[in-house]
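Close look at the chain arrangement
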Amino acid sequence: MTNMLVIGNWKMNGSRKSNAQWLSKVLAPLERMDHVEVAVCPPFIYLEQLANLVVNSHLLLGAQNLCQAEHGAFTGEISGAMIRDFGCHFVLVGHSERRSLYGETNDLVAAKFHSALRDGLVPVLCVGETLAQRKSGETLAVVNDQLRAVIDAVGIEQVGRGVIAYEPVWAIGTGETATPIQAQEVHQHIREYLAQFDAEVARTTRILYGGSVKGDNAFDLFSQPDIDGGLVGGASLDASSFVAICEAAQACHN
Ligand code: PEP
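**Considerations on the sheet that holds strand 2 (residues 36-41)**
Taken in spatial order, the 8 strands of this closed barrel run 1-2-3-4-5-6-7-8, and their pairing is parallel. Strand-to-strand twist in this sheet, taken as the mean axis angle between neighbours without regard to direction, amounts to 25°. Sheet topology places strand 2 next to strand 3 (residues 59-63); 3 bridges connect them, and they run parallel. Note that in strand 3 the partner of Val 38 across the bridge is Leu 59. In the packing of helix 5 (residues 106-118) onto the sheet, the strands contacted are strand 4 (90-93) and strand 5 (122-127), and the crossing angle to strand 5 comes to about 160°.

Have a look at this one:
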C-alpha cells in the first residue's frame, strides 16, 4: 500500500513569526511518522522561508496555485518552474476557491495540471460539488466533468502522476464535514471512473478527502477504503491539530 498523504493548505494565512512557530511544533512529531507523507502549502511569499526551515525534515512543500503559462507577460502570476525552484513538490490545482472566486474553468484547471507536470511538480487536482449540485443529485456528474477535462487534456497516464482531492464545496471551511460514508461513496466513484480509462491508474492514484477535516474526525474518514489521506485547510493552521490529523493518517495505514 502506498503511504497516506496529508497536505495542509494555509490559504492566505501566516506570518514569518507564526510560520516559524508552527514548524517548531510540527517537524519533530513528523519524524516519528513513517507511513504518512506530509506537505504544507503556504502562501507563495513564504515558500523561501519554509524551504530553508524544512531542510533535512520529512515535511514537503507545495504551492496553492500556479500559472498555466511557462513565463512572460503575466503580471502577478507565478510559474510552475518558479515554484519548483523553491523546492516545492506539490501544487494545488482547481481548488474550489480558485474556481468560484477567480473563475477558473475546468479547461483552465486542466491546463494548469499539464503545466505542473511539465515543470516537475505533482499536481493535486481538487474536485467537488456545491451544496446546490448535491441537493439536485448532480454530485457524480460534476466530479466526472472535472476529471474528464483533465483526462482529455493530458491523458489518463499523466493523471496518474498527480493526486486527486475530493473536496465537497459545502464542507470547505464550514465546519460541516462529509460523513465517512458520503465521502467514501464519492471516492469509490472516482476510482471507478478512472478505472474506465485505466485500471492501474485507478488503483494507484491517491485520492484525498478535504472539507473540515479535524483531529477528531480524521481517523474515521481516513480509515475508509478509498480515502488515502486529507487536504486540510483551517485545521492545518494550528500545529497541534495538524499533528493530530497526521497521526490519524499514520494510524490508518495498514
Ligand atoms: C481546503 O481549503 O482545501 C479545505 C479543505 O479547507 P477546510 O479544511 O478549512 O474545510
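**Looking at the site of the ligand**
In the vicinity of the ligand lie 14 residues, with Lys 11, Glu 167, Gly 173, Ser 212 and Gly 234 positioned nearest. Side-chain polar atom of Lys 11 to an oxygen atom of the ligand: 2.7 Å apart, as the coordinates give it. In the environment of the ligand, an oxygen atom lies 2.7 Å from a nitrogen or oxygen atom belonging to the side chain of Glu 167. Contact with the protein chains covers 96% of the free accessible surface of the ligand, which is 290 Å². Among the residues making up the shell around the ligand, the classes are represented as 4 nonpolar, 8 polar and 2 charged.

**Re the pattern of salt bridges**
Across all of its chains, the model carries 10 salt bridges by this definition. Arg 191 serves as the salt-bridge partner of Asp 226, at 2.7 Å between the closest nitrogen and oxygen. One end of the pair, Asp 226, is in the loop between helix 11 (218-222) and strand 8 (229-232); the other, Arg 191, is in helix 9 (residues 180-195), and 35 residues separate them in sequence. A relative accessible area of 13% means that Asp 226 is categorised as buried.

**A few points about the packing of aromatic side chains**
The final tally for this structure, using the stated rule, is 4 aromatic pairs. Three or more aromatic residues joined by ring pairs form one cluster here, namely Trp 10, Trp 22 and Phe 242.

**Focus: the pairing of strand 5**
In terms of burial, strand 5 is largely enclosed, as 6 of its 6 residues are buried. With burial as the criterion, each face of strand 5 is covered, one bearing Val 122, Val 124 and Cys 126 and the other bearing Pro 123, Leu 125 and Val 127. In the sheet, strand 4 pairs with strand 5 via 4 bridges, with the strands oriented parallel. From the neighbouring strand, Val 93 faces strand 5, where its bridge partner is Leu 125. Alignment of strand 5 against strand 6 (residues 163-166), held across 4 bridges, turns out to be parallel. Counted as the bridge partner of Val 124 is Val 163 from strand 6.

**Describing the environment of His 58**
Within the secondary structure layout, His 58 lies in the loop between helix 2 (47-53) and strand 3. The class for His 58 is partly exposed, based on a relative accessible area of 45%. For His 58 and Glu 31, which are 27 residues apart along the polypeptide, the C-alpha to C-alpha distance reads 6.3 Å. Apart from the residues lying within four places of it in its own chain, the contact partners of His 58 are Leu 30, Glu 31 and Val 38.

**Thoughts on the packing of helix 7 (residues 139-154) against helix 9**
Their axes nearest at 11 Å, the elements helix 7 and helix 9 cross at an angle of 40°. Compared by their axis directions, helix 7 and helix 9 come out oblique. In terms of crossing hand, the pair formed by helix 7 and helix 9 is right-handed. Between helix 7, through Thr 139, Leu 140, Val 143, Asn 144, Leu 147, Arg 148 and Ile 151, and helix 9, the contact on the second element is made entirely by Val 186, His 189, Ile 190, Tyr 193 and Leu 194. The class makeup of the residues in the contact of helix 7 with helix 9 is 8 nonpolar, 3 polar and 1 charged.

**Section: the nonpolar core**
Val 6, Trp 22, Leu 59, Leu 147, Ile 190, Tyr 209 and Phe 222 are the most contacted members of the largest nonpolar core, which totals 69 residues. The element that contributes the greatest number of residues to this core is helix 12 (residues 239-252), accounting for 8 residues. Setting aside anything within four residues of it in sequence, one finds Tyr 209 in contact with Tyr 166, Pro 168, Ala 171, Thr 177, Ala 178, Ala 183, His 187, Leu 221, Ile 227, Gly 229, Gly 230 and Leu 231. The next biggest cluster of nonpolar side chains, apart from the first, holds 13 residues, and it includes Ala 39, Leu 92, Cys 126 and Val 163.

Rules of the game
- Residues numbered from 1 in each chain as written.
- Predicted model: local features only at pLDDT ≥ 70, side-chain atom pairs only at ≥ 80, totals over all residues.
- Heavy atoms only, no water.
- Pairing = 2+ DSSP bridges.
- Helix = DSSP H or I, 4+ residues; strand = E, 2+ residues; numbered from the N terminus.
- Axes fitted to C-alpha atoms, helices over the stretch in contact; angles between N-to-C directions.
- Contact = heavy atoms within 4.5 Å.
- Near = heavy atom within 4 Å.
- Polar contact = N/O pair within 3.5 Å; in protein donor to acceptor, adjacent residues only side chain to side chain.
- Areas by Shrake-Rupley, 256 points an atom, 1.4 Å probe, with all protein chains shown as cover.
- Nonpolar A, V, L, I, M, F, W, Y, C, P; charged D, E, K, R; others polar.
- Salt bridge = Lys/Arg side-chain N within 4 Å of Asp/Glu carboxyl O.
- Buried < 20%, exposed > 50% of the residue type's maximum accessible area, 1.4 Å probe, protein only.
- Phe/Tyr/Trp six-rings, centres within 6.5 Å; stacked < 30°, edge-to-face > 60°.
- Parallel < 35°, antiparallel > 145°, perpendicular 65-115°, else oblique.
- Left-handed = near helix turned anticlockwise from the far one by under 90°.
- Core = buried A, V, L, I, M, F, W, Y, C linked by side-chain atoms within 4.5 Å.

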